[in-house]
Amino acid sequence: MIQKFNFEKTGIEGLYLIDPFVAWDNRGYFIKDYSKEIFEQNGIDHNLQEVFYTNSHKGVIRAMHFQREKQQPKLVRCVFGHVYDVVADLRKDSETFGKWSGFDLSEENKKELLVPAGCAHGYLVIEHSIVSYKCAEKFYSEYDDGILWNDKDIAIKWPLDLIGGEKNVILAEKDRNLQTLENFIKKYGGF
């Protein structure tokens, strides 16, 4: 069986939920999750610069990250396990400024997200997971920034019940000290 690429627009401009090319047979499957040519045929310019992988335990929240300068559009796919992936729009001229969308990404559903520049990105690990980031800009640690995962204004509805509640959330120290959306707006006004 073969599944062809499919690009689904979401409620946030430039954010796509993508079904990659997958070919299944008696051995398992072959997957192609990026093709510059196919993306361009669908009106998407995503020039790959770097690829990263994270390996995370159940309960980890990696959120809500962005680069202040040289913003980093990314193609995100859970290659093993299951995550609840969230994107928040930080583009001040966007109709969805301050709004978020969430998606289940898993090895089973093979879906991926194209996260546009100007958006914060993060995810909750539902089960031990490996996540791939195919970035259209290099990572610059001096511009690394983010919004608190539980910011009251963005008000993301994380499915914490799937990890046994908030008491089981695992955060990096840097993620505990991120700014609020309110402070981001005061400091930068948005992207």
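For the structure given in this document, a descriptive report is provided here. (Residues numbered from 1 in each chain as written. Predicted model: local features only at pLDDT ≥ 70, side-chain atom pairs only at ≥ 80, totals over all residues. Heavy atoms only, no water.)

## What to know about the environment of Y188
Here Y188 shows up in helix α3 (residues 181-188). Sequence separation between Y188 and R68 is 120 residues; the distance between their C-alpha atoms is 8.9 Å. In this structure, Y188 is in contact with R68, D145 and Q179, ignoring residues within four places of it in sequence. For Y188, the side chain forms a polar contact with the side chain of R68, separated by 3.5 Å. (Helix = DSSP H or I, 4+ residues; strand = E, 2+ residues; numbered from the N terminus. Contact = heavy atoms within 4.5 Å. Polar contact = N/O pair within 3.5 Å; in protein donor to acceptor, adjacent residues only side chain to side chain.)

## Remarks on the environment of F39
Within the secondary structure, F39 is located in helix α1 (residues 36-41). Discounting residues that sit within four places of it in the chain, F39 has contacts with F5, F7, I18, D33, Y34, I44, H46 and L75.

## Some points on the packing of aromatic side chains
All told, the structure shown has twelve aromatic pairs when counted by the stated rule. With 5.1 Å between their ring centres and 90° between their planes, F7 and F39 make a pair best called edge-to-face. A residue pair is termed long-range when its members are at least 10 positions apart, and F7 in strand β2 (residues 6-9) and F39 in helix α1 qualify at 32 residues. For the pair formed by F7 and F39, the shared burial category is buried. Judged by centre distance (6.0 Å) and plane angle (55°), the rings of Y140 and Y143 are tilted. Classification of Y140 as buried rests on a relative accessible area of 18%. (Phe/Tyr/Trp six-rings, centres within 6.5 Å; stacked < 30°, edge-to-face > 60°. Buried < 20%, exposed > 50% of the residue type's maximum accessible area, 1.4 Å probe, protein only.)

## Re unusual backbone geometry
Most peptide bonds take the trans form, and the phi angle of most residues other than glycine is negative. Cis rather than trans, the peptide bond between A63 and M64 has omega equal to -25°. In this fold, M64 is placed in strand β7 (residues 61-67). Its identity as a non-glycine residue notwithstanding, K70 has a phi of 50°, on the positive side. Within the fold, K70 resides in the loop between β7 and β8 (74-89). Not every positive phi belongs to a glycine, and A155 is a case in point at roughly 55°. Note that A155 resides in the loop between β12 (144-146) and α2 (173-176).

## Side note on the layout of surface pockets
Space inside the largest pocket adds up to approximately 430 Å³. Along its surface, the largest pocket is lined by 22 residues, and H65, Q72, K74, Y133 and F139 are the ones closest to its centre. Contributing elements (two or more residues each) for the lining of the largest pocket: β6 (50-56), β7 and β11 (119-135). The biggest single contributor to the lining of the largest pocket is β11, with five residues. Tallied by class, residues from the lining of the largest pocket come to ten nonpolar, eight polar and four charged. (1 Å grid on protein atoms, 1.4 Å probe; cavity = no way out; pocket = protein on both sides within 12 Å on 5 of 7 lines; lining within 4 Å. Points joined across faces, edges and corners; volume = space filled by probe spheres on them. Nonpolar A, V, L, I, M, F, W, Y, C, P; charged D, E, K, R; others polar.)

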